[in-house]
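# Overview (structure and organization)
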Amino acid sequence: MLSAPDAAYARLLDVSGALALLVALALLLERALALVFEYHWFRKASERIEGLKSPIAFLVAWYTCRHVDFDVLSRLFPASDGSIQPTQVGILITAAVVAGGSAAAITLFQGVLHFGRDARVGLIEANRARTEADLAEARSRRERADTDSARALAERAQVEAGAVNAMRT
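Worth saying up front: this structure is predicted, and the values here are computed from it rather than measured.

## Side note on the packing of aromatic side chains
Summed over all chains, the structure comprises three aromatic pairs. Where tyrosine 39 meets tryptophan 41, the ring centres are 5.9 Å apart and the plane angle is 70°; that geometry is what we call edge-to-face. Of the residues examined, tyrosine 39 reaches a relative accessible area of 42% and is grouped as partly exposed. Look at tryptophan 41 and phenylalanine 42: their rings are 6.0 Å apart centre to centre, the planes differ by 75°, and that puts the pair in the edge-to-face class.

Here it is, written out as structure tokens:
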């Protein structure tokens, strides 16, 4: 049997592990659903049918939590004998938190870390614009160099023509 401080520490580790699993599952769910949610046909469908993503995220989270018997409430509030018994209500609430957490994960990935499709497209467009600006600047420099070269050749031709005329006279 564990001493009181050891039992409290073990409980802290168990609860921390459950919460870490909850966050990890929310992030995994978000990334897995991004494959569907960012696809062009789904984007068009979600523009027509508002609120389509949330029920899909909830159903996938519920199925996943039910499949692995993941009930974060049973980990946070174990039975009096210390046993962890997943319940359907706990699984349902856990799935709701995971699905809601995936919205926060979407914000984190797309808004803060710029991992979303829109951010990638924006980055590609910014790189394209920078490349086009660099190319335009290089063309301008080349045209300026060509103009300066033509001017120098014209001046040289005038000087040579003037020298030849001076010799004839």
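## Observations regarding the pattern of salt bridges
Applying the stated criterion across every chain, the model contains six salt bridges. Glutamate 30 is paired through a salt bridge with arginine 31; the nearest N and O atoms lie 3.0 Å apart. Of the residues examined, arginine 31 reaches a relative accessible area of 29% and is grouped as partly exposed. Across the salt bridge formed by glutamate 137 and arginine 141, the nearest N and O atoms sit 2.5 Å from each other. In this pair, glutamate 137 and arginine 141 both sit in helix H6 (residues 117–168), four residues apart, roughly one turn of the helix. Look at glutamate 137 and you get partly exposed, because its relative accessible area is 39%. What you see here is one network of salt bridges that share partners, running through Glu30, Arg31 and Glu38.

## Concerning a nonpolar patch on the surface
A contiguous nonpolar patch, built from Leu35, Val36, Tyr39 and Trp41 and spanning about 440 Å² of accessible area, is present on the exposed surface. Relative to the helices and strands, valine 36 is located in helix H1 (residues 4–37).

## Overview of H1
Relative to the 50 Å expected for 34 residues at 1.5 Å per residue, H1 spans 48 Å between its end C-alpha atoms, a close match to the ideal helical length. Of all the residues in H1, the buried ones are Val15, Ala18, Leu22, Leu25, Ala26, Leu29, Glu30, Leu33, Ala34 and Phe37.

## Considerations on the nonpolar core
Core analysis: the biggest nonpolar cluster contains 17 residues, and Ala61, Cys65, Phe70 and Val98 have the highest contact counts within it. Contributions of two or more residues to this core are made by H1, helix H3 (53–67) and helix H5 (88–112). The leading source of residues in this core is H1, at seven residues. Phenylalanine 70 has contacts with Ala18, Leu21, Leu22, Leu25, Cys65, Arg75, Ile91 and Thr94, leaving out every residue within four places of it along the chain.

## Things to note about the packing of H1 against H3
Packing of H1 against H3 leaves a shortest axis separation of 11 Å and a crossing angle of 130°. Here H1 is positioned oblique relative to H3, judged by the angle of their axes. At the point where H1 passes H3, the crossing takes the right-handed sense. Contact with H1, carried on its side by Leu25, Leu29, Leu33 and Phe37, involves Lys53, Ile56, Ala57, Val60, Ala61, Thr64 and Cys65 of H3 and no other residues of that element. When its residues are assigned to classes, the contact of H1 with H3 shows nine nonpolar, one polar and one charged.

How each quantity is defined
Residues numbered from 1 in each chain as written. Predicted model: local features only at pLDDT ≥ 70, side-chain atom pairs only at ≥ 80, totals over all residues. Heavy atoms only, no water. Phe/Tyr/Trp six-rings, centres within 6.5 Å; stacked < 30°, edge-to-face > 60°. Buried < 20%, exposed > 50% of the residue type's maximum accessible area, 1.4 Å probe, protein only. Salt bridge = Lys/Arg side-chain N within 4 Å of Asp/Glu carboxyl O. Helix = DSSP H or I, 4+ residues; strand = E, 2+ residues; numbered from the N terminus. Patch = residues over 30% accessible without salt bridge, like charges linked within 9 Å, V, L, I, M, F, W, Y side chains within 5 Å. Areas by Shrake-Rupley, 256 points an atom, 1.4 Å probe, with all protein chains shown as cover. Expected span 1.5 Å × (residues − 1). Core = buried A, V, L, I, M, F, W, Y, C linked by side-chain atoms within 4.5 Å. Contact = heavy atoms within 4.5 Å. Axes fitted to C-alpha atoms, helices over the stretch in contact; angles between N-to-C directions. Parallel < 35°, antiparallel > 145°, perpendicular 65-115°, else oblique. Left-handed = near helix turned anticlockwise from the far one by under 90°. Nonpolar A, V, L, I, M, F, W, Y, C, P; charged D, E, K, R; others polar.

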